[in-house]
Amino acid sequence: MAPNSIHWFRKGLRLHDNPAILQAVKGADTVRCVYFLDPWFAGSSNVGVNRWRFLLQCLEDLDANLRKLNSRLFVIRGQPANVFPRLFKEWKISRLTFEYDSEPFGKERDAAIKKLAMEAGVEVIVKTSHTLYDLDKIIELNGGQPPLTYKRFQTLISHLDPPEMPVDTLSETLMGRCVTPISEDHRDKYGVPSLEELGFDTEDLPSAVWPGGETEALTRIERHLERKAWVANFERPRMNANSLLASPTGLSPYLRFGCLSCRLFYFKLTDLYHKVKKNSSPPLSLYGQLLWREFFYTTATNNPRFDKMEGNPICVRIPWDKNPEALAKWAEAKTGFPWIDAIMTQLRQEGWIHHLARHAVACFLTRGDLWISWEEGMKVFEELLLDADWSVNAGSWMWLSCSSFFQQFFHCYCPVGFGRRTDPNGDFIRRYLPVLRGFPAKFIYDPWNAPEPVQAAAKCIIGVHYPKPMVHHAEASRLNIERMKQIYQQLSRYRGLGMLASVPSTNGSGTGGMMAYSPGEQPLGTNHNSHLPEVSGSSTATGCESGSVPLNFRNEEPREPSSRLQAPSLQHGYLSEASQTITSSRVYHEFAVPQHPGLLLARGVTGKRERESERAGSCEKDSESCSAHKMPRQSAQPT
């Protein structure tokens, strides 16, 4: 007897390269494609209107493509665990198919649904297609632990077979005799809801910069691949003002929602490379965007605390400040730094920002200026960023805040100089902060330095029409670099290294600027599940009678064996007029050692690097010289 199938869409919102849906129709009598949407969740979840609109457009497009095959999408209101038992009975289902979800929550949910299906006598078929590789195989090859450096990850996948080729797109031929029963009231029962139905106010909502759906994704990938000169020379596109704007060739939201198959993208890149560079094997760096995504999926798959600092075995516990007011100013583009505020405005309006813009605002919020937890920034991105997904979003925030994967905390983006070098004329700022449109290029990145007649001519008085800077960047960043140095200095001493652990500089090996393979990671097939105990308190650093770790940026002896440090007063990210003495309880914080080895290298900091660490926070008094020291970047550029 031919089965009646359900294909369950979650991510993977496409008909091309969808092996699970092909299994659903194979030899089946009927097939129904379902997507679960909880209206209550829509109104209460931390997901903004742009992300919901993108999802609904994906579902509308999916339904339109299924109609061409005389089928439809069934949008089910409710939770899968509550609704599936009824559907199994009502539709006489004997087969359930879906795409494998590698994230911990998804695996837990799917295990529960598999159990329900088994109890109902329903066969379950799960296929991997949201990632290039079987993540469990990568972990197994690494001795049962996820690789914690990108280079190690590259080494592991180089020992695996290439990703599987994409499967055929669902077609009438592949549907065969399989049909979809559709009732006359399908739209009322199972139609894609509108934003208004989900409780969103759309009166002032601008048109979408990023239209959702598989159709748009397939159009964009063709445009993306037309950049043959980039593939031929394989050079990074030069950064300029236009780079900061949404591109019609951008793909990251479509990869996140699975409107575009990562395997299709992988093999199209490969084919194009072979056409341009005959008789040459493509470098791993060609697939940077895809492989960084894969790296974070791998590190997160068995770690349900991956999006938390507490209880996360790979995250350094840093005692960030709790400051809702400062966090709100950052999230609402009211920091007083035009470069930061323009980026956050673009994010809120359009749902996307360039990968270097992400670096800038993440550094500013965390270790650069405000000393606020990366978890708070991750939540804002989760709400606003179209391509934010659980693994990549959390992994990127840990990386950028030097909480895991990356420890070059002395590299700090200047919220004035970095933007000025990228877009000297300030067109990006004028586009997203029209209140500053009248400022000349000389002052648009630091309008507080503009003389009063210039501010008056621009019809924008700083402190009245646009806020003053919420922090003194030079002082805040210098203090925060010292804080981070103490944390890592204490960490390295606990591990018996005796000196601040260092990260090798970018070596051109395609690591995307991450640290090289470290001594703590062992060869393939060995288990390095070495767990280190938590270090609590500030007195664990040996050799310091006061219980604190003295700052020492120039390889010189500490000025005095005291636990007190003179520094400008920066309470909760705000600049105070007066300076005060900061005690060790303010600066020397409790933290925990990451439980996996291999995050730190036992190499001393050179004099040059220490000088860089001091310069990175100084930014000079003249804002013209406020430079963002170049920070090694991820190759996972959101395109």
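Notes on the structure in this doc start here. (Residues numbered from 1 in each chain as written. Predicted model: local features only at pLDDT ≥ 70, side-chain atom pairs only at ≥ 80, totals over all residues. Heavy atoms only, no water.)

**Quick word on the packing of helix α13 (residues 262-276) against helix α14 (residues 288-300)**
Between two packed helices, the angle of one axis relative to the other and the distance separating the axes together describe the packing. α14 packs onto α13 with a crossing angle of 145 degrees between their chain directions and a minimal axis gap of 10 Å. In terms of crossing hand, the pair formed by α13 and α14 is left-handed. Residues C262, F265 and Y266 of α13 form the contact with α14, whose participating residues are Q289, L290 and R293. Classifying every residue of the contact of α13 with α14 gives four nonpolar, one polar and one charged. (Axes fitted to C-alpha atoms, helices over the stretch in contact; angles between N-to-C directions. Helix = DSSP H or I, 4+ residues; strand = E, 2+ residues; numbered from the N terminus. Left-handed = near helix turned anticlockwise from the far one by under 90°. Contact = heavy atoms within 4.5 Å. Nonpolar A, V, L, I, M, F, W, Y, C, P; charged D, E, K, R; others polar.)

**Observations concerning the packing of aromatic side chains**
Taken as a whole and assessed by the stated rule, the structure comprises 38 aromatic pairs. Each ring, one from W8 and one from F36, has its centre 6.0 Å from the other, and the planes form 85 degrees; the classification is edge-to-face. With W8 in strand β1 (residues 4-9) and F36 in strand β2 (residues 30-37), this residue pair connects regions lying 28 residues apart in the sequence. For the pair W8 and F36, one class covers both residues: buried. Between W8 and F98, the aromatic rings sit 5.3 Å apart at their centres with planes inclined by 75 degrees, giving edge-to-face as the arrangement. (Phe/Tyr/Trp six-rings, centres within 6.5 Å; stacked < 30°, edge-to-face > 60°. Buried < 20%, exposed > 50% of the residue type's maximum accessible area, 1.4 Å probe, protein only.)

**Remarks on helix α15 (residues 324-331)**
For α15, the set of buried residues is A326, L327, W330 and A331. One side of α15 carries all its buried residues, which in axial view fall inside an arc of 135 degrees. Turned more than 90 degrees from where α15 packs its buried face, P324 and E325 sit exposed. Immediately beyond the C-terminal end of α15, within one or two residues, lies A333, with a positive phi of roughly 60 degrees. (Arc of directions from axis to C-beta.)

**Some remarks on the pattern of salt bridges**
Throughout the structure, instances matching the rule amount to 22 salt bridges. Close ionic contact of R14 with E99 constitutes a salt bridge, the shortest N to O distance being 3.6 Å. Of the two residues, R14 sits in the loop between β1 and α1 (19-25) while E99 sits in strand β4 (residues 95-99), which places them 85 residues apart along the sequence. Across this residue pair, the class does not change: R14 and E99 are buried. The partner of R430 in a salt bridge is D427, with the nearest N and O atoms 3.7 Å apart. Of this pair, R430 and D427 both sit in helix α21 (residues 427-432), three residues apart, which is roughly one turn of that helix. Classification of D427 as partly exposed rests on a relative accessible area of 42%. The network of salt bridges with shared partners includes R10, D101, R109 and D110. (Salt bridge = Lys/Arg side-chain N within 4 Å of Asp/Glu carboxyl O.)

**Observations regarding a negative patch on the surface**
Negative charge collects at one region of the surface, where E196, E197, D201, E203 and D204 lie side by side. With respect to the secondary-structure elements, D204 resides in the loop between α9 (186-190) and α10 (214-225). In this structure D204 comes out as exposed when scored by relative accessible area, which is 72%. (Patch = residues over 30% accessible without salt bridge, like charges linked within 9 Å, V, L, I, M, F, W, Y side chains within 5 Å. Areas by Shrake-Rupley, 256 points an atom, 1.4 Å probe, with all protein chains shown as cover. Lys, Arg positive; Asp, Glu negative; His and termini not counted. Charge placed at Lys NZ, Arg CZ, Asp CG, Glu CD.)

**Observations concerning the sheet that holds strand β3 (residues 73-77)**
If you trace the five strands from one edge of the open sheet to the other, you get β3-β2-β1-β4-β5, paired in parallel fashion. The open sheet has two edge strands with one neighbour each: β3 and β5 (123-127). Shown here is a sheet whose adjacent strand axes are inclined to one another by a mean of 30 degrees, direction ignored. One ladder, built from five bridges, connects β2 with β3; its direction is parallel. Along β3, the bridge assignment pairs Y35 with V75. Strands β1, β2 and β3 of the sheet are contacted by helix α3 (residues 49-67), whose axis makes an angle of about 170 degrees with β2. Against the sheet, helix α4 (residues 80-90) makes contact with β1, β2, β3 and β4, and its axis sits at roughly 165 degrees relative to β1, the strand it touches most. (Pairing = 2+ DSSP bridges.)

**What to know about the packing of α10 against α13**
Where α10 contacts α13, the axes come no closer than 11 Å and their chain directions differ by 25 degrees. In terms of axis orientation, α10 runs roughly parallel to α13. Relative to α13, the crossing made by α10 is right-handed. Residues L218, I221, E222, H224 and L225 of α10 form the contact with α13, whose participating residues are L264, F265, K268, L269 and L272. (Parallel < 35°, antiparallel > 145°, perpendicular 65-115°, else oblique.)

It is worth stressing that arrangement in space is one thing and function is another; only the former is reported here.
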